[in-house]
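As a plain string of letters, each chain reads:
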Amino acid sequence: MEKCVQARERLETCTARVLSRSRTEETCTEELFDFLHARDHCVAHKLFKSVK
């Protein structure tokens, strides 16, 4: 669960940084993929228990 929270925090930090700049080529793609991967891992066990 901690990994999910940290990934979300990194994504939010990146998003805030990018939105605070008027001109930047930075994107948060890497942080987004890291968050999605962590989220999938964190909820998979709950999800598949419900699907059975």
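Please refer to the structure higher up on the page.
Residues numbered from 1 in each chain as written. Predicted model: local features only at pLDDT ≥ 70, side-chain atom pairs only at ≥ 80, totals over all residues. Heavy atoms only, no water.

Draft legend 1. How the structure looks around the overall build of the chain. In terms of helices and strands, the chain carries 2 helices and 0 strands. For 52 residues, the compact-globule formula gives about 10 Å, and the C-alpha radius of gyration of the chain, at 14 Å, lies well above that figure. Dimensions of the chain along its principal axes, counting C-alpha atoms only, are 50 × 15 × 10 Å. Counting the 52 residues in the chain, one finds 19% classified as buried. As displayed, the chain has an accessible area near 4,600 Å², and 56% of this comes from carbon and sulfur atoms. In the chain, which carries 10 positive and 9 negative side-chain charges, the distance between the mean positions of the two groups comes to 7 Å. (Helix = DSSP H or I, 4+ residues; strand = E, 2+ residues; numbered from the N terminus. Rg over C-alpha atoms; globule rule 2.2 N^0.38 Å. Buried < 20%, exposed > 50% of the residue type's maximum accessible area, 1.4 Å probe, protein only. Areas by Shrake-Rupley, 256 points an atom, 1.4 Å probe, with all protein chains shown as cover. Lys, Arg positive; Asp, Glu negative; His and termini not counted. Charge placed at Lys NZ, Arg CZ, Asp CG, Glu CD.)

Draft legend 2. Examining the state of the cysteines more closely. A complete count under the given rule lists 2 disulfides for this structure. The disulfide bridge from cysteine 4 ends at cysteine 42, spanning 1.5 Å between sulfur atoms. Torsion about the S-S bond of the cysteine 4 and cysteine 42 cystine: about 110°, corresponding to right-handed handedness. Highlighted residues: cysteine 4 in helix α1 (residues 2-19) and cysteine 42 in helix α2 (residues 29-51), separated in sequence by 38 residues. (Disulfide = S-S within 2.5 Å.)

Draft legend 3. Here's a closer look at the nonpolar core. By size, the foremost hydrophobic cluster in this structure holds 9 residues: Cys4, Ala7, Leu11, Cys14, Val18, Cys28, Phe35, Ala38 and Cys42. When residues of this core are traced back to their parent elements, those giving at least two are α1 and α2. (Core = buried A, V, L, I, M, F, W, Y, C linked by side-chain atoms within 4.5 Å.)

Draft legend 4. How the structure looks around the pattern of salt bridges. As enumerated under the stated definition, the model contains 4 salt bridges in all. Salt-bridge contacts for glutamate 26 lead to arginine 17; the nearest nitrogen and oxygen are separated by 2.7 Å. Relative accessible area serves as the criterion here: at 26%, glutamate 26 is assigned to the partly exposed category. In this structure, the salt-bridge partner of arginine 21 is glutamate 26, at a minimum N-O distance of 3.2 Å. For arginine 21, a relative accessible area of 41% gives the class partly exposed. By sharing partners, the salt bridges in this structure join Arg17, Arg21 and Glu26 into a single network. (Salt bridge = Lys/Arg side-chain N within 4 Å of Asp/Glu carboxyl O.)

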